[in-house]
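Reading the structure
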Amino acid sequence: MTQEPHGVHDYADDPRNADILVSVNGELKHRDEASVSVFESGYILGDGVWEGLRVSNGGIAFLDVHLKRLYAGAKAIAMDIGLSPEELTQRLFDCLNANGMTDGVHIRLMVTRGIKKTPYQGPRFTIGKPTIVIIPEYKAPVAQVIERGQKLFTVHVRRTGPAEQDQKLNSHSKLNCILACIQADEAGADEALMLDPDGFVATCNSTHFFIVRDGEVWTSPPEYCLGGITRGNIIRICREANIPVFEKRFSLFDVYSADEAFLTGTFAGVSPIREVDGRTIETLNGPVSKRISALYKELVHNSLTPIA
């Protein structure tokens with residue numbers, strides 16, 4: 001039985017997605033025929049990096065920043081993608097053009113280390129080049145879900161520091177976030193709020209977290225969260241618009257008594273929060289959140305790399 005949409009990543013079903021073409025190492029295949037080997041490093045080990053990209057009004061938003069993060073992550077795990085950023089961009093364009101896609105599309109771009117001779121973690125057992133998969137889908141957030149606000153639950157699963165797994169690495173290995181997501185789902189929440197090892201607020205399982213107090217925008221410092229593209233753009237927007245913004249440690253006390261709170265991510269942009277751990281946030285989609293959301297939409301429009 002199909003569940004009713006409730007979270008920030010739920011989307012309206014689109015029948016066009018039944019016949020999308022997926023790019024697998026440059027070959028375009030119907031979604032029902034697109035596949036990789038069971039010996040693929042991503043399947044066996046979660047060994048790879050990925051990006052989520054948004055297509056709007058004939059272009060890809062913040063493409064250069066996303067590719068910079070992708071290549072930095074690949075370098076960090078000693079993986080040569082095998083294509084230049086320009087070549088990878090053209091492959092993205094080829095996939096979109098083959099599908100006739102220009103707007104309202106979300107892309108999952110995945111680069112994993114490639115086929116293994118045998119199921120073992122050592123990169124030296126990899127055969128050939130990395131596997132590059134591009135999945136474009138028509139996806140739009142469910143408007144009523146965004147408007148009613150998100151419900152968060154603070155989970156016991158913590159974000160780790162760089163000594164365990166550097167959170168700046170956008171890797172396929174997401175088990176800690178998956179465990180956090182499961183706990184939030186079981187608690188009836190839309191998203192998991194995760195703490196750092198010392199109990200301060202870190203981030204959410206798949207989005208970034210902001211609060212507003214006395215006209216100031218607060219978000220956690222970068223040590224325990226992904227270097228989010230949208231997160232960075234929100235900080236940039238605030239600074240350019242003279243909205244006080246701080247990357248600082250804060251606790252659940254500050255969250256429960258916040259004036260406003262919102263999530264950010266590539267898919268849904270800025271999403272208001274209505275409740276955290278049973279505490280109602282004072283103002284749903286308040287004036288600061290509304291202003292930031294409007295400025296972000298304008299920034300997206302001005303950031304597009306046209307599909308060639």
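Up top is the structure these notes are about.
The text that follows walks through the structure, step by step, so that each part is easy to find. (Residues numbered from 1 in each chain as written. Predicted model: local features only at pLDDT ≥ 70, side-chain atom pairs only at ≥ 80, totals over all residues. Heavy atoms only, no water.)

1. Here we look at the sheet that holds strand β8 (residues 131-138)
In space, the seven strands of this open sheet follow the order β2-β1-β8-β5-β3-β4-β18, with antiparallel pairing throughout. Pairing within the sheet leaves two strands with one partner each, and these edge strands are β2 (27-30) and β18 (304-306). Strand-to-strand twist across the sheet, computed as the mean angle between neighbouring axes with direction ignored, equals 30°. Both strand β3 (residues 48-56) and strand β4 (residues 59-61) contribute to a ladder of two bridges, which runs antiparallel. Residue pairing in the sheet places Ser 56 in a bridge with Gly 59 of β4. Across the sheet, helix α2 (residues 63-76) touches β3, β4, β5 (105-112) and β18, and the angle it forms with β3 is around 175°. On the sheet, helix α3 (residues 85-99) packs against β1 (21-24), β2, β3, β4, β5, β8 and β18 and is oriented at approximately 40° with respect to β8. (Pairing = 2+ DSSP bridges. Helix = DSSP H or I, 4+ residues; strand = E, 2+ residues; numbered from the N terminus. Axes fitted to C-alpha atoms, helices over the stretch in contact; angles between N-to-C directions. Contact = heavy atoms within 4.5 Å.)

2. Points about the pattern of salt bridges
In this structure the tally under the stated criterion is twelve salt bridges. With a closest N to O distance of 3.5 Å, Glu 137 and Arg 31 form a salt bridge. Taken together, the positions of Glu 137 in strand β8 and Arg 31 in the loop between β2 and α1 (41-45) put the pair 106 residues apart, joining distant regions of the chain. With relative accessibility at 14%, the residue Glu 137 sits in the buried group. Between Arg 113 and Asp 47 there is a salt bridge whose closest N-O contact spans 2.5 Å. Of the two residues, Arg 113 sits in the loop between β5 and β6 (115-116) while Asp 47 sits in the loop between α1 and β3, which places them 66 residues apart along the sequence. One continuous salt-bridge network, built from bridges that share partners, spans Arg 31, Glu 137 and Lys 139. (Salt bridge = Lys/Arg side-chain N within 4 Å of Asp/Glu carboxyl O. Buried < 20%, exposed > 50% of the residue type's maximum accessible area, 1.4 Å probe, protein only.)

3. As for unusual backbone geometry
We note that Ala 78 has phi near 55°; this positive angle belongs to a residue other than glycine. Relative accessible area serves as the criterion here: at 65%, Ala 78 is assigned to the exposed category.

4. Observations regarding the packing of α2 against α3
For the pair α2 and α3, the least separation of the axes is 11 Å and the interaxial angle reads 120°. The orientation of α2 with respect to α3, classified from their angle, is oblique. The handedness of the crossing between α2 and α3 is right-handed. Residues Leu 63, Leu 67, Leu 70 and Tyr 71 of α2 touch α3, and the partners they reach there are Pro 85, Leu 88, Thr 89 and Leu 92. For the contact of α2 with α3, the class distribution of residues is seven nonpolar, one polar and no charged. (Parallel < 35°, antiparallel > 145°, perpendicular 65-115°, else oblique. Left-handed = near helix turned anticlockwise from the far one by under 90°. Nonpolar A, V, L, I, M, F, W, Y, C, P; charged D, E, K, R; others polar.)

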